[in-house]
Amino acid sequence: GKEKASQLHAEGSSFDPSAFAENLLSFMGLNRLEDEGEMSGGYLPQDAWQKVGNRAQCCFRTAPTFHYMLGSFLAEPPPPRQRIA
Amino acid sequence: MARPLGEVHKRFLQTMMAKGIIDGDKAKALLRHCCETHGAPINDHLDEFIEVINAQLQPMFMQIRKGMSEEDGLQYYALVNMAETDVTRMSSDYADNELELFRKKKTMDLIVDSDTGTASSTDILNCADSLQTKKLKKKETEHVLNRLVQDEWLKEKQGEYSLSTRCIMEMEPYIRRFYQDQVKLCHICHNVVLQCQMCENPTCGIKIHVPCVARYFKGRTDPRCPACEDFWPHEIPEVNRPSSQS
Amino acid sequence: TSQVQKGLDRLTPAQVDLKTAEVVQFIFVKDQKKIPIRRADIVKHVVKEYRNIYPEILKRTSRTFETVFGLSLKEIDSKNHVYILVNKLDPPDGELLSMTPSNPKTGLLFVILGIIFMKGGVVKESMVWNTLKKLRVDPGEKHVDFGDVKKVVIEEFVKQRYLEHVRVPHTEPLEFEFRWGQRADIEVSKVKLLEFMGQLHDQDPQSWSQQYREATTPQASTAPSGPVSQR
Ligand SMILES: [Zn+2]
Ligand SMILES: [Zn+2]
């Protein structure tokens, strides 16, 4: 009953993962090769995923992380200084 | 009570966390962008602005520190940690043997003890053989070195490694503490000096940062050591002008 | 409570400040890899002999994250007391965005979370891998940006609580499905995600009416997400 009703109301576009992948490849700047099947051909630029990451960043409220070198290891006491008596 | 921080301060601080280090021009631009983003009037007083943040960071032993790069002589701002505790030692960016490769007795010794402030990849790979925590294979050592360069703790140029500006800015207290007998201060700017030119008079031997050399000897036809007056035998580099806006 | 007050009375303000700073450091350390923080670990590794004033220390820690860093410490599991650090500021845009390039892994996360959301909240593991293969990311091969992708997705993202990876009951051979993890529920804006989807498909985000409705109605049923200071 209830489920069916909500399904009836769920008109609107459906989501096709294959079309999504195709559109994302275009967004990434895929160089499509001629004479190739739709999925096999072409190569992605080096920054393809960086590009998606940069655009997707606005969807995330991720906290920045804090990195450091000082304090990340135990500093041993300084060696005894050699002195001329 | 320290002044409370607004969104502009927090935004600036968060960007410093993400970037670790930025040069002076970028810091000014960043402050401008932060003001614009939050609809605040443009603030040109970068150092005062940073002081307000630092007052709030102090209880956490963090600081946005200002310093000069040995490489290009420009001003930089870096977010540094000042605490050395059991908690900060849990930091997970590098494994114990990777840190051992980097720190005292290994790479840092090679760099600080050298006259040039650099260590060759061959020497670093050799010293990786004697790690006490856990051995690193050659490939693994190279991978760690790459990561240290990527994270801006080391700088690499044609197989020679030096400490990055970020590293020197954060580690200066450590360097002064553990290398007090080896490390010298620049004769011109009095900061710790690693990459430099050195007076060749054996009784003098003062060191000067390359950018400090450029500024000090600019326009002098007969360059002489500022300490012993001996002829300065090195090539005098051009002064590196900061890019237009300032 | 008075118990906490009694504990506080026996300490100097400087001692309490120092302990608070250590808890801040500890949370920053755990957050370096986006690992959720367990109360038990905070007490065991940091608070230690100050455990009787733990509520006060956590309140101050939470306040520090908000007032100094613009971050919020949120409890994602009120039974086991697990926390994550979330940003209170809006994600950067324009010039600010160009100053802070993101990690390619954010792109990978977007793809996976996007498929799950667009498919109604749960998808078979195979659908994710099939889509990723079309994007030249093969779980059987080492990827230039992600290395061992399989490990990143079903270990790292799951540990960070971006994803839930659970067995479908009564399946032979074994089948798994993906859902959003509690971190994704709190960190990710469904509206913004849908906008990006719309841009990619050159389509009005509202045309996915069901997803649009879900993205725009405030949810009452998601994981407990109140700031720690209220507890
Ligand atoms: Zn100098
Ligand atoms: Zn001299």
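None of the values given here were measured: they were computed from a predicted structure.

### Here's the deal with the coordination of the zinc ion (ligand 1)
Residues and elements named next belong to chain B.
Move 1: Bound to the zinc ion (ligand 1) on the protein side are Cys186 (SG), Cys189 (SG), His209 (ND1) and Cys212 (SG), at distances that span 2.1 to 2.3 Å.
Move 2: The coordination sphere of the zinc ion (ligand 1) comprises four donor atoms, whose angles at the metal cover 97 to 116°; the geometry is tetrahedral.
Move 3: For the zinc ion (ligand 1), the donor residues sit on a single chain with the sequence spacing C-x2-C-x19-H-x2-C. Of the two residues, cysteine 189 sits in the loop between strand S7 (184–185) and strand S8 (192–193) while cysteine 212 sits in helix H9 (residues 210–216), which places them 23 residues apart along the sequence.
Move 4: Residue cysteine 189 is classed as partly exposed on the basis of its relative accessible area of 24%.

### A few points about the packing of helix H3 (residues 48–56) of chain A against helix H10 (residues 190–201) of chain C
Move 1: The contact between H3(A) and H10(C) brings their axes to 10 Å, and the two run at 130°. As far as their axial angle goes, H10(C) and H3(A) are oblique. Contact residues: H3(A) offers Val52(A), Arg55(A) and Ala56(A), while H10(C) offers Glu195(C), Phe196(C) and Gln199(C).
Move 2: Considering only residue class, the contact of H3(A) with H10(C) consists of three nonpolar, one polar and two charged.

### A closer look at the interface of chain C and chain A
Move 1: At the interface, 58 residues of chain C touch 42 residues of chain A.
Move 2: Taking both sides of the interface into account, the surface hidden between chain C and chain A amounts to around 4300 Å²; carbon and sulfur atoms contribute 62%.
Move 3: Sorting the residues of chain C by area buried against chain A places Lys134(C), Leu135(C) and Arg136(C) first, and these three jointly supply 15% of that buried surface.
Move 4: On inspection of chain C and its partner chain A, the count reaches one salt bridge.
Move 5: Here Arg61(A) ties to Asp90(C) by a salt bridge, and the two come within 2.6 Å at their closest N and O atoms.
Move 6: Our count for the contact surface shared by chain C and chain A stands at 19 residue pairs in polar contact (both at pLDDT 80 or more).
Move 7: Residue assignment for the side of chain C that touches chain A shows that the elements contributing at least two residues are helix H2 (13–31), strand S3 (82–87), helix H6 (104–118), helix H7 (125–134), H10 and helix H11 (209–216) of chain C.
Move 8: For the side of chain C that touches chain A, the leading source of residues is H6(C), giving ten residues.
Move 9: Class assignment of the residues belonging to the side of chain C that touches chain A gives a composition of 30 nonpolar, 16 polar and twelve charged.

### Topic: the sheet that holds strand S3 (residues 75–81) of chain B
Residue and element names in this part refer to chain B.
Move 1: Judged by pairing direction, the sheet is antiparallel, and its three strands sit side by side in the order S1-S3-S2 without closing on themselves. Unpaired on one side and paired on the other, strand S1 (21–23) and strand S2 (62–68) mark the two borders of the sheet. Ignoring strand direction, the axes of neighbouring strands in this sheet form an average angle of 20°.
Move 2: Relative to S3, S1 runs antiparallel, the two being bridged by three bridges. When the sheet's bridge partners are listed, isoleucine 21 is paired in S3 with alanine 78.

About the thresholds
Residues numbered from 1 in each chain as written. Chains lettered and ligands numbered in written order. Predicted model: local features only at pLDDT ≥ 70, side-chain atom pairs only at ≥ 80, totals over all residues. Heavy atoms only, no water. Donors = N, O, S within 2.8 Å, 3.2 Å for Na, K, Ca; no water. Tetrahedral: all angles 85-135°; square planar, octahedral: opposite > 155°, others 65-115°. Helix = DSSP H or I, 4+ residues; strand = E, 2+ residues; numbered from the N terminus. Buried < 20%, exposed > 50% of the residue type's maximum accessible area, 1.4 Å probe, protein only. Axes fitted to C-alpha atoms, helices over the stretch in contact; angles between N-to-C directions. Parallel < 35°, antiparallel > 145°, perpendicular 65-115°, else oblique. Contact = heavy atoms within 4.5 Å. Nonpolar A, V, L, I, M, F, W, Y, C, P; charged D, E, K, R; others polar. Buried area = accessible area lost by both parts, 1.4 Å probe. Salt bridge = Lys/Arg side-chain N within 4 Å of Asp/Glu carboxyl O. Polar contact = N/O pair within 3.5 Å; in protein donor to acceptor, adjacent residues only side chain to side chain. Pairing = 2+ DSSP bridges.

Honestly, that's just the spatial picture; any functional story needs more than this.
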